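Below, each chain spelled out in residue letters.
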Amino acid sequence: MTKHRGRGVATVNYPIGMNLGGDPSQALVHSNPSGKFTVALSSIDLGQGMKSVTRQICAETLGVPIEDVYVDTADSDTGPHCMGSFASRGTHRVGNAVMAAAREARAVMMEAAAEELEVDANDLETDGRGNIRVKGAPQRSISVRDVAVAAQFRQGKTISGRGIFLVPLSDVDPETGEMSPATCYAHACLIAEVEVDDETGDVTVLKMTSAYELGRALNPKLVEQQLVGGAWMGMSHALYETPEPYYPDTRNGPRDFNEYLMPGPGDICPHDIAVLERPAPDGPFGAKGPGEMCANPVLPAIANAIFNAVGVRLNELPITPERVLRALKARGGAASSTRARS
Amino acid sequence: MLELRKDIFADERDDNLKEIGKPTARQDILGHVTGTSPYYDDHRFAGMLHLKILRSPHAHARIRSIDDSAAARAPGVKRIIRAADVPVNLNTLLSLIQFGKDDEPSLASDVVRYKGEPIIGIVATSERAAQEALALVRVSYDPLPAVFDVEEALKPGAASVNPTYPKNTFEYYGKYDHQKLRYGDADAAFAKCDVVIDERYQMSPIEHAPTETNGSIAVPDTNGRFVVHTSTQALFFSLDTSAKINAMQSNQLHFIGGTVGGGFGGKVDTLTEPLAILAARLTGAPVRHRLSRHEEMQFGSPRGAERIYIKDGMTRDGRIVARKVRAYFDSGAYTRLSSYAAVKCAAHIPGPYTIPNVHADVYCVFTNRTPATAMRGFGVTALDFALECQMDKLATAIGMDPIEFRILNAYRDGDMKAHRREAKNCALIECAQVAAEKANWPIREEYKRMSSRNGGAAAAPHAPAAIAPSRQAAAAPQRAPYDRVSAAPTQPAPSPTQPAPSPPPRAPQPAPAAPTGSSHGAPRFSSVFGTRRR
């Protein structure tokens, strides 16, 4: 029995939003009389952090602290239309809608503040801590709370805004496939290091190293959560999961998590991640979205690492020990690696 | 461990921001870590009933008769729902965006087309009572021939799965059984290649395997409205689908969700809401319809399997000059969303590389298995697996380092993509450089200095006359596809299908002296590569 180590690489890109566009999202932003803002959406938080990212975008655009913004989502009576949380579209599509709504609300807020301070609204700025002040004369300032009270009870203004973001639907040429699939793309490179046991066919993933370009990491912790979780899913897809182990044979389908194999805590490996930010011209603060793509490079990187370790190509997923052993048998044994290093 | 490389592309960003870029704790974190966030199934209502579904044991069969009289008399059973009770029984999800024909019944009436297809629903006072009543239903079937393999399904004489699409393929643009992508002339280009690699890749289907299974609770409200608590990942998509199937106005439905225990694409299909609402209408009581883990695993739609054939042609300097792809999406018995994925797949071909001749046919095929649906990376994940395994084989065939090989072929700003749009805002090269650096994977100096922002231009198809010139292609300067690194002319191929006998010449141009400091994409180096423009 010998354990062979190898490294493999994959580079990928991923389109942001529904293919061909045509997938709008709306947002409404309004202030209560104490200067606290609510974002009303119908978008879904699947655990990816939809509510948190839109909250940060709203606070940044309004120029108020994050504590003063709350995101209320997924009630069809109060939240305006959103296509849904899929196609890596949440940050980009919904984020842009929230930004547009917050900009409109901010304009009213600044007008109301200007009226209270008896200055031109263009001479005002927010300090990000809940105050609006005259540029160059910060002693002349008013709190967002006092502006909200004044707007509601004295000026009769509604500090609110509406936003929508829509990438217009692209045509497709039936003959050539000419089309505009997406307005921006995220990018990644992932290197996997594996160990292959040539007696059992077991593949252990030892380490992953990756670089992701995501436009802007609006919240680095949420990005990390996505990239780590996505890599787990990619590894699971590559080596473990399937409801039809001998596809297209439909038999032997699993019925629960005892029969459906996925990596457990002991199978997870260290993952060293770098995040690059090349802002998308039409992204909210340049953001694209890490959602779906982070599972993708893991699959081929592992397959390529197995080739590097033992010299066999596996073109069918999942790469089970059975498939590894059959491939090794066909090859007449394992080749030695040229690239492994820990 | 996550490292932010703010140094790269810094000149394209304004980092003077207050809330953006901070690792702020999630708004909902306290609820999640203390187990108090309300999910759909945390709601309980007085008199709530439970809906369970009788499913087909056959992959393809004609239903001869259904006898549910014993089930109707079973303890706790309040109502049996049959196909005839569903106001608009036939639907297709993407009818909401006018894509495709209605092809899937909520409840089968005459033929079942996959194992697990819903036939009748039983509403009872408990899940157990509903489950036990299901066992009393007698259905007799005439089994029909079934087809499970995407290529078998396309052969003459194969069993016809879906009567809306009798030839077992989704119909594109009213005339094609596949989505086409044509750019340049791949077949002509293969003849000039030194290396041609032709491979077959097969993905397995996989489960979304969310912690929370699909489900919903429909509650009769006042004034003829219904409140629906749901696990959907697309609130209005599910609302509009449910309204259509129940022939209701959208403002009769009040959907509430937003906190979901994992979706990954498996909670777009609206598997439970339409019948939960129908059951609530028919009984006047709140009705819960949730999939058990067994149902979620066996009958909840999986990521479909894809079979992908790729033929690549390469010259000995490491430039890919032609890529031909034939891909089959296994949609299962009904369309759901696979038709969309096939178009997205075609748009993604040939991957993030500049290849002047690309030819692809992508099929959405019907088979007698559980309908597939969206899953994380829909239309792209399997293709990326195939493409990146292929890239590794190509690099190996000419003895090039696999990262350098990818950087060499990577798309740059200004390159023309196969779907005839200019590449912009590219960063594949920088990702490869940073990952190599972090992993101590040695790449040569000239590859470390390459940039997505330099060296790109529209790669002209080898046979421009074969295609209609696109707007961007007409405006962009033409250049040879291999002049980024190697100025050496391509040698004649010894044989179009034989790998080159010896490793190809390394990039002959010596690297200019490396400037100090970070080189990733910084514009001050444009002159270095500017000299290579022809």
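Residues numbered from 1 in each chain as written. Chains lettered and ligands numbered in written order. Predicted model: local features only at pLDDT ≥ 70, side-chain atom pairs only at ≥ 80, totals over all residues.

Enquirer: A description of the sheet that holds strand β8 (residues 160–165) of chain A should follow, citing residues and the corresponding values.
Expert: Residues and elements named next belong to chain A. Judged by pairing direction, the sheet is mixed, and its four strands sit side by side in the order β4-β3-β2-β8 without closing on themselves. Only two strands of the sheet have a single partner each, and these edge strands are β4 (69–73) and β8. Ignoring strand direction, the axes of neighbouring strands in this sheet form an average angle of 20°. Pairing of strand β3 (residues 37–41) with β4, which is carried by five bridges, proceeds in the parallel orientation. By the bridge assignment for β4, F37 is matched with V69. On top of the sheet, helix α1 (residues 50–62) reaches β2 (25–31), β3 and β4; it is set at about 135° to β4, its chief contact. (Pairing = 2+ DSSP bridges. Helix = DSSP H or I, 4+ residues; strand = E, 2+ residues; numbered from the N terminus. Axes fitted to C-alpha atoms, helices over the stretch in contact; angles between N-to-C directions. Contact = placed C-beta atoms within 7 Å.)

Enquirer: An account of the nonpolar core is needed here, citing residue identities and associated values.
Expert: Inside soluble globular proteins, nonpolar side chains tend to come together where they are buried. One finds I302(A), I306(A), A279(B) and C431(B) to be the most contacted residues of the largest nonpolar core, which totals 251 residues. With 13 residues, helix α2 (residues 90–117) of chain A is the largest single contributor of residues to this core. Here I306(A) is in contact with G6(A), V194(A), V196(A), V203(A), V312(A), L314(A) and I319(A), once residues within four sequence places are set aside. (Core = buried A, V, L, I, M, F, W, Y, C linked by C-beta atoms within 7 Å. Buried ≥ 20, exposed ≤ 12 C-beta atoms within 10 Å, placed from the backbone.)

Enquirer: Break down the domain arrangement of chain A for me, with residues and values.
Expert: Residues and elements named next belong to chain A. Domains assigned within chain A are domain 1 (3–16 + 183–331) and domain 2 (25–165). When each unit is reduced to the centre of its C-alpha atoms, the spacing between domain 1 and domain 2 is 39 Å. Of the residues lining the interface, 14 residues belong to domain 1; the matching set on domain 2 comes to 14 residues. Residues belonging to the side of domain 1 that touches domain 2 are distributed by class as follows: seven nonpolar, five polar and two charged. (Domains from an automatic or database assignment. Nonpolar A, V, L, I, M, F, W, Y, C, P; charged D, E, K, R; others polar.)

Enquirer: Hey, could you go over the sheet that holds strand β1 (residues 2–4) of chain B for me, with residue numbers and the actual values?
Expert: Read across the sheet, five strands follow the order β1(A)-β9(A)-β10(A)-β11(A)-β1(B) without closing on themselves; strand pairing throughout is mixed. One side of each edge strand has no neighbouring strand; the edge strands of this open sheet are β1 (3–15) of chain A together with β1 of chain B. Taking the axes of each pair of neighbouring strands and ignoring which way they run, one obtains an average angle of 15° across the sheet. Alignment of β1(A) against strand β9 (residues 185–197) of chain A, held across 13 bridges, turns out to be antiparallel. Across the sheet, P15(A) pairs through a bridge with Y185(A), a residue of β9(A). Sheet strands touched by helix α4 (residues 220–239) of chain A: β10 (203–213) and β11 (271–276) of chain A together with β1 of chain B. Its angle to β11(A), the strand with the most contacts, is close to 125°.

Enquirer: Outline the interface of chain A and chain B, supporting the account with residue identities and numerical values.
Expert: Each partner contributes residues to the interface: chain A has 106 residues there, and chain B has 105 residues. Residue assignment for the side of chain A that touches chain B shows that the elements contributing at least two residues are β1, α1, β4, β9, β10, α4, β11 and α5 (298–310) of chain A. With seven residues, the single largest contributor to the side of chain A that touches chain B is β1(A). Class assignment for the residues of the side of chain A that touches chain B results in 52 nonpolar, 31 polar and 23 charged. Sheet topology note: the β11(A)/β1(B) ladder contains three bridges and is parallel. In the strand pairing of β1(B), V275(A) is matched with L4(B).

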